[in-house]
Amino acid sequence: MKTIQKAVAYITCREHLLVFRQPESPEAGIQVPAGTIEPDESPARAVLREAHEETGLDDLAIRTSLGTCDFQFERPSGQRERVRRHYFHLECHTADVTRRWIHLEQNPSEGLPDPIPFELYWVKYPEDVPPLSGYLDEMLAALPDDI
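Rules behind the numbers
Residues numbered from 1 in each chain as written. Predicted model: local features only at pLDDT ≥ 70, side-chain atom pairs only at ≥ 80, totals over all residues. Heavy atoms only, no water. Helix = DSSP H or I, 4+ residues; strand = E, 2+ residues; numbered from the N terminus. Rg over C-alpha atoms; globule rule 2.2 N^0.38 Å. Buried < 20%, exposed > 50% of the residue type's maximum accessible area, 1.4 Å probe, protein only. Contact = heavy atoms within 4.5 Å. Areas by Shrake-Rupley, 256 points an atom, 1.4 Å probe, with all protein chains shown as cover. pLDDT = per-residue confidence, 0-100. Phe/Tyr/Trp six-rings, centres within 6.5 Å; stacked < 30°, edge-to-face > 60°.

**Digging into the overall build of the chain**
Along its length, the chain carries one helix and seven strands. Its C-alpha atoms give the chain a radius of gyration of 15 Å, near enough to 15 Å, the size a compact globule of 147 residues would have. Taken along the three principal axes of its C-alpha coordinates, the chain extends 40 × 30 × 30 Å. Within the chain, the proportion of its 147 residues that are buried is 44%. Across the chain, contacts joining residues at least 24 apart in sequence account for 65% of those joining residues at least 6 apart. As displayed, the chain offers around 7,900 Å² of accessible surface, 49% of which is attributable to carbon and sulfur atoms.

**Remarks on the confidence of the model for the chain**
In the predicted model, the chain carries a mean pLDDT of 92, and the fraction of residues at 70 or more is 96%. Per-element mean pLDDT across the chain ranges from 93 in strand β6 (residues 100–105) up to 98 in strand β2 (residues 16–21).

**Brief notes about the packing of aromatic side chains**
Per the stated rule, a full pass over the model turns up four aromatic pairs. Judged by centre distance (6.5 Å) and plane angle (65°), the rings of F71 and Y135 are edge-to-face. Here Y135 lies in the segment after β7 (116–124) and F71 lies in strand β4 (residues 60–74), a separation of 64 residues in the sequence. Its relative accessible area of 18% is what places F71 among the buried residues. The exposed category is assigned to Y135, whose relative accessible area is 61%.

**Some words on the environment of F118**
Mapped onto the elements, F118 comes out in strand β7. A C-alpha to C-alpha distance of 6.8 Å links F118 and P23, two positions 95 residues apart in sequence. The contact partners of F118, leaving out residues within four places of it in the chain, are F20, R21, Q22, P23, E54, W101, I102, H103 and E105.

Below, the structure is given as structure tokens:
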């Protein structure tokens with residue numbers, strides 16, 4: 001079974017975490033920026049690319065790598081896949097944490113229609129972080145206390 005490499009971004013700004021939902025696909029739940037690592041791309045480069053593609057934010061910097069987690073899942077088609085997620089803490093210093101915005105992801109993966117609207121917003125960390133879909137919250141506890 002092939003392992004699919006993914007990069008996941010926990011983006012923080014002044015004690016807030018960035019999350020999003022897909023207004024056209026509410027069943028996708030609340031998420032954080034994440035995506036597939038391209039061949040010959042490092043996880044660090046992939047997380048910066050994916051974070052920018054999914055948020056439109058330019059002022060992002062990697063603060064630290066938080067580690068990796070492996071899991072298997074089954075697609076509705078019955079196909080089983082193994083995924084290795086590389087988690088990173090990214091900082092954004094200039095964001096308006098009271099703002100909500102729609103950003104159109106221009107390069108969706110997995111054959112999804114183009115573009116995909118994301119409604120992004122900041123939540124106070126840790127007390128206001130909602131449950132994240134697809135186990136994307138599995139490394140939240142690794143975020144440093146001084147975000």
